[in-house]
Amino acid sequence: TASSYTPTLAPSSSYWWKVVPRNAIGPAADCPVWSFSTPGAYQLAESFEDPTFPPEDWANDSIDPWIRSTDSWAFDGSAVAYQFGSDTIGYTLSTPMLTISMGDIFRFSSSVTLASSTLDVVYSTDRTDWSLLQTINHSVAHVWHTNTIDLSSIAGNYYLGIRTGLQRDNFYIDHFFGPNIAEF
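The notes below deal with the structure included here. (Residues numbered from 1 in each chain as written. Predicted model: local features only at pLDDT ≥ 70, side-chain atom pairs only at ≥ 80, totals over all residues. Heavy atoms only, no water.)

A word on the pattern of salt bridges. Going through the model one piece at a time under the given rule, you end up with one salt bridge. Put simply, R163 and D120 hold a salt bridge, and the shortest N to O gap is 3.3 Å. Here the residue R163 occupies a position in strand β15 (residues 156-164), and D120 occupies one in strand β12 (residues 118-124), the gap between them amounting to 43 residues. (Salt bridge = Lys/Arg side-chain N within 4 Å of Asp/Glu carboxyl O. Helix = DSSP H or I, 4+ residues; strand = E, 2+ residues; numbered from the N terminus.)

A separate point is the pairing of strand β13 (residues 131-137). Where β12 and β13 come together, six bridges link them in antiparallel fashion. Directly across from L119, in β13, lies its bridge partner I136. Adjacent in sequence and paired antiparallel, β12 and β13 are bridged by six residues, among which R127 carries a positive phi angle near 60 degrees. (Pairing = 2+ DSSP bridges.)

By size, the foremost hydrophobic cluster in this structure holds 27 residues, and its most contacted members are W66, F106, F108 and I173. Within the residue set of this core, elements represented by two or more residues are β10 (98-100), β11 (105-112), β12, β15 and β16 (170-181). The dominant element in this core, judged by the number of residues it contributes, is β16, at four residues. Among residues more than four places away in sequence, those in contact with F106 are L44, T95, V121, N147, T148, I149, L151, L160, I162, F176, F177 and G178. (Core = buried A, V, L, I, M, F, W, Y, C linked by side-chain atoms within 4.5 Å. Buried < 20%, exposed > 50% of the residue type's maximum accessible area, 1.4 Å probe, protein only. Contact = heavy atoms within 4.5 Å.)

Counting buried residues in β16 gives nine out of twelve residues, a clear majority hidden from the surface. Inspection of the sheet shows strand β5 (residues 43-46) paired to β16 by three bridges, in the antiparallel sense. Residue pairing across strands places A45 opposite F177, the latter belonging to β16. Relative to β16, strand β8 (residues 80-84) runs antiparallel, the two being bridged by four bridges. Within the sheet, the bridge partner assigned to F84 lies in β16 and is N170. With two bridges joining them, β10 and β16 adopt antiparallel strand pairing. In the sheet register, L98 faces β16, and the bridge partner there is I181.

With that settled, consider the environment of G85. Its location among the elements puts G85 in the loop between β8 and β9 (92-94). Along the sequence, G85 and A59 sit 26 residues apart, while their C-alpha atoms lie 17 Å from each other. Setting aside its immediate chain neighbours within four residues, G85 contacts Y91, Q167, R168, D169 and F171.

Quick look at the side chain of E46 now. Positionally, E46 belongs in strand β5. At 2.8 Å, the side chain of E46 and the backbone nitrogen of F48 are in polar contact. Look past the residues within four positions of E46 in its chain and what remains in contact with it is P55, W58, H175 and F176. (Polar contact = N/O pair within 3.5 Å; in protein donor to acceptor, adjacent residues only side chain to side chain.)

As structure tokens, this is what we get:
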């Protein structure tokens with residue numbers, strides 16, 4: 001019956017909620033159920049809110065690094081990782097080493113300013129030799145896309161990277177959620 005609710009959240013937990021509006025006629029029907037998960041103590045969870053960039057144990061492309069930007073809209077909070085792409089070079093921002101198990105997923109949000117632009121999700125054991133895991137196609141510009149990548153095919157310890165496609169475009173990434181960081 002209240003207009004707001006602030007729950008106490010536990011790590012490594014999933015939560016579901018549903019809002020059912022009511023009026024003099026009664027409750028609304030077919031209201032959707034939403035959900036979210038909280039990260040575990042050692043789980044990858046990053047939204048680039050800390051001014052230090054890249055975050056601890058992340059790695060940035062040395063040729064033309066990604067930057068932390070607060071000049072644009074963010075999917076979550078007030079900051080994003082930003083890169084202006086090239087038509088000849090893909091620029092990679094990579095996570096810390098992750099311990100990936102069968103059934104793990106990697107989720108992040110991305111946005112571009114040209115509908116035909118792509119991002120590659122890549123993986124590596126050494127941050128030098130990258131293998132393609134999946135290409136993300138953006139069919140709509142200026143809209144945040146939530147990308148969920150099944151990591152079952154690469155179980156083991158890997159760095160995951162987001163690499164710009166070969167397009168001269170504005171690339172924005174934010175709100176990373178994934179497996180446990182390997183050093184823990």
